[in-house]
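Fold and geometry: a report
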Amino acid sequence: MAGTTATAANAASPARPAASANPTPPIGVQFHGMWSDYTDPTRAAVLDKLRAAGVTTVRMDVSWAMLQPSNGSSYDSWGVGFVDRVINMANSRGIRPLITLWLTPGWANGGKDEHALPTNPADYARVAQWAANRWAGKVLGWEVWNEPNSPDFLIGADPVAYTRLLRAAYPAFHAGDKTTTVVYGGVQYNDAAWIQRSYAAGAKGYFDVMATHPYQGKANLAPNAPDDGTMWTLAHVTAVRNLMVAQGDATKPIWFTEFGWSSHDNPAGTPNWQLGVNEATQASYLTCTAQLVASSMPYVTRLFWYDERDDNASDLQNQHFGLLRHDLTPKPALTALAQLSSGSAQPATCQ
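On a predicted model such as this, the values are computed, not experimentally measured, just so you know. Every chain is numbered on its own, with residues counted from 1 as its sequence reads. Given that the model is predicted, a residue must reach a pLDDT of at least 70 before its local features are reported, and side-chain atom pairs must reach 80 or more before they are shown or counted; all residues, however, enter totals for whole chains, interfaces and linings. In computing side-chain values, all of the structure's heavy atoms are included and hydrogens and water are not.

What about the state of the cysteines?
Here is the rule we go by: In plain terms, two cysteine sulfur atoms within 2.5 Å form what is called a disulfide here. In this text, helices come from DSSP runs of H or I with a minimum length of four residues, and strands from runs of E with a minimum of two, each type numbered from the N-terminal end.
One pass over the full model with this rule turns up 1 disulfide. Here Cys-288 connects covalently by a disulfide to Cys-350, the sulfurs 1.4 Å from one another. The disulfide joining Cys-288 to Cys-350 has a torsion of about 80° about its S-S bond and is therefore right-handed. One end of the pair, Cys-288, is in helix α8 (residues 279–296); the other, Cys-350, is in the segment after α10 (332–342), with 62 residues separating them in the sequence.

As structure tokens, then:
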């Protein structure tokens with residue numbers, strides 16, 4: 001999830017969005033089914049609930065270090081089998097995952113942290129081609145890393161180094177599966193300035209879809225709050241779009257590969273970037289975002305809510321983004337998602 005630090009966005013007066021005749025874009029859900037705190041029965045239960053709500057795609061993170069822990073010429077049978085199993089569980093319910101492939105094994109980066117890029121991008125390209133071929137037809141596409149503009153997720157957060165990885169990865173994924181979709185690693189917030197530096201380093205032509213994670217810098221701000229000129233608002237996606245147009249990428253879509261609001265009370269002194277909303281507001285903001293995108297951001301063609309289930313994260317904010325509570329009982333947001341998926345959602349109030 002994005003946002004361990006943020007400059008607060010200015011508060012804005014929310015307003016009711018205009019009703020849109022346009023259908024809302026498909027909404028997937030971040031599914032942490034690869035995480036060790038899941039069991040197969042829990043994975044099945046969560047996927048069943050998501051599918052019942054009309055979800056046909058989830059976003060899953062897969063660790064390169066788990067696939068190739070020892071060297072670049074062999075693949076770990078347990079790690080590969082685990083990914084096989086979880087993808088097959090999703091597929092059997094009519095769900096195709098978008099896979100974020102990241103986390104470098106130590107042999108590929110000189111024993112550095114797994115959040116450091118490989119020394120040789122060709123090592124990532126090799127696993128990218130292999131993975132795209134192995135799971136061809138079973139996945140929606142491949143996202144190259146997670147939030148590469150944040151040092152929490154990519155050590156150094158260097159757009160030039162990231163672009164070297166992207167340029168190696170793109171042809172490799174397509175060599176493994178010529179029909180797959182390669183997604184630029186979703187940046188934390190609408191960081192147009194970082195993406196511009198990546199373009200300057202040669203990113204054009206090396207992704208099929210741009211991705212951002214448009215969390216609000218003031219974390220309880222309504223989705224239709226106006227752009228304040230910084231990356232801390234959802235509305236600043238227009239800056240990303242304008243950059244893409246200027247770079248000749250007007251035909252390429254943007255996906256929100258993470259977006260969401262956390263449902264929790266706000267103890268005194270809660271910083272702006274950790275503010276929560278109540279469960280009813282969380283649901284209305286989900287609906288409002290989808291309707292806002294449909295009415296005024298047609299270039300944003302797919303959304304992924306973060307995330308599927310409340311968890312045991314170390315801080316209050318990260319614990320409560322789920323559509324489900326930790327005990328798997330549904331929040332109002334799951335009902336909102338189901339209504340959007342079925343086309344029965346009424347215009348939402350963004351406040």
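A look at the nonpolar core
We count it as follows: Take the buried Ala, Val, Leu, Ile, Met, Phe, Trp, Tyr and Cys residues and link them wherever side-chain atoms come within 4.5 Å; each set so joined is a nonpolar core. Exposure classes here rest on a 1.4 Å probe applied to the protein chains alone. A residue is buried below 20% of its type maximum, exposed above 50%, and partly exposed in between. In what follows, a contact means two residues having at least one pair of non-hydrogen atoms within 4.5 Å.
Tyr-124, Phe-173 and Tyr-184 are the most contacted members of the largest nonpolar core, which has 96 residues in total. Looking at this core element by element, the count peaks at 9 residues for helix α5 (residues 159–176). With near-sequence residues (within four places) excluded, Tyr-184 lies in contact with Glu-143, Tyr-162, Leu-166, Trp-194, Ile-195, Ser-198, Ala-203, Phe-207, Val-209, Met-210 and Ala-211.

Comments concerning helix α6 (residues 192–200)
To keep things clear, this is the line we draw: As used here, the arc belongs to the directions running from the helix axis to the C-beta atoms.
The set of residues buried in α6 consists of Ala-192, Trp-194, Ile-195, Ser-198 and Tyr-199. End-on, the buried residues of α6 take up no more than an arc of 160°, which puts them together on one face. Those residues of α6 hidden inside the fold are in contact with α5, β5 (182–184), β6 (187–188), β7 (210–213) and α7 (237–246). Positive backbone phi, at 110°, marks Gly-202, one or two positions downstream of α6.

Comments concerning the pairing of strand β9 (residues 300–305)
Taken residue by residue, a regular strand's side chains alternate between the two faces of the sheet. In plain terms, the rule: Strands pair, by our definition, only if DSSP identifies at least two bridges between them. Consider the strands pointing away from the viewer: the crossover is right-handed when the path from the first strand over the helix to the second runs clockwise.
The buried count for β9 comes to 5 of 6 residues, which makes it a mostly enclosed element. Here strand β1 (residues 27–30) runs beside β9; their pairing, made up of 3 bridges, is parallel. Looking at β9, one finds that Val-29 is bridged to Trp-305. Relative to β9, strand β8 (residues 254–259) runs parallel, the two being bridged by 4 bridges. Looking across to β9, one finds that Phe-259 is bridged to Trp-305. For the crossover from β8 across α8 to β9, the handedness is right-handed.

So, the packing of α8 against α10
Just so we agree on the cut-off: Helix axes use the C-alpha atoms of the stretch in contact, all axes being lines fitted to C-alpha atoms, and the angles between their N-to-C directions lie in the range 0 to 180 degrees. We call two directions roughly parallel when the angle between them is under 35 degrees, roughly antiparallel when it is over 145, roughly perpendicular when it lies between 65 and 115, and oblique otherwise. Should the near helix be turned anticlockwise from the far one by less than a right angle, the crossing is termed left-handed; should it be turned clockwise, right-handed.
Here α8 crosses α10 at 25°, and the two axes come no closer than 7 Å. It follows that α8 is roughly parallel to α10 by the angle criterion. As α8 runs across α10, the sense of the crossing is right-handed. Only Pro-332, Ala-333, Ala-336, Leu-337 and Leu-340 of α10 make contact with α8, whose side of the interface consists of Glu-279, Gln-282, Ala-283, Leu-286, Thr-287 and Ala-290.

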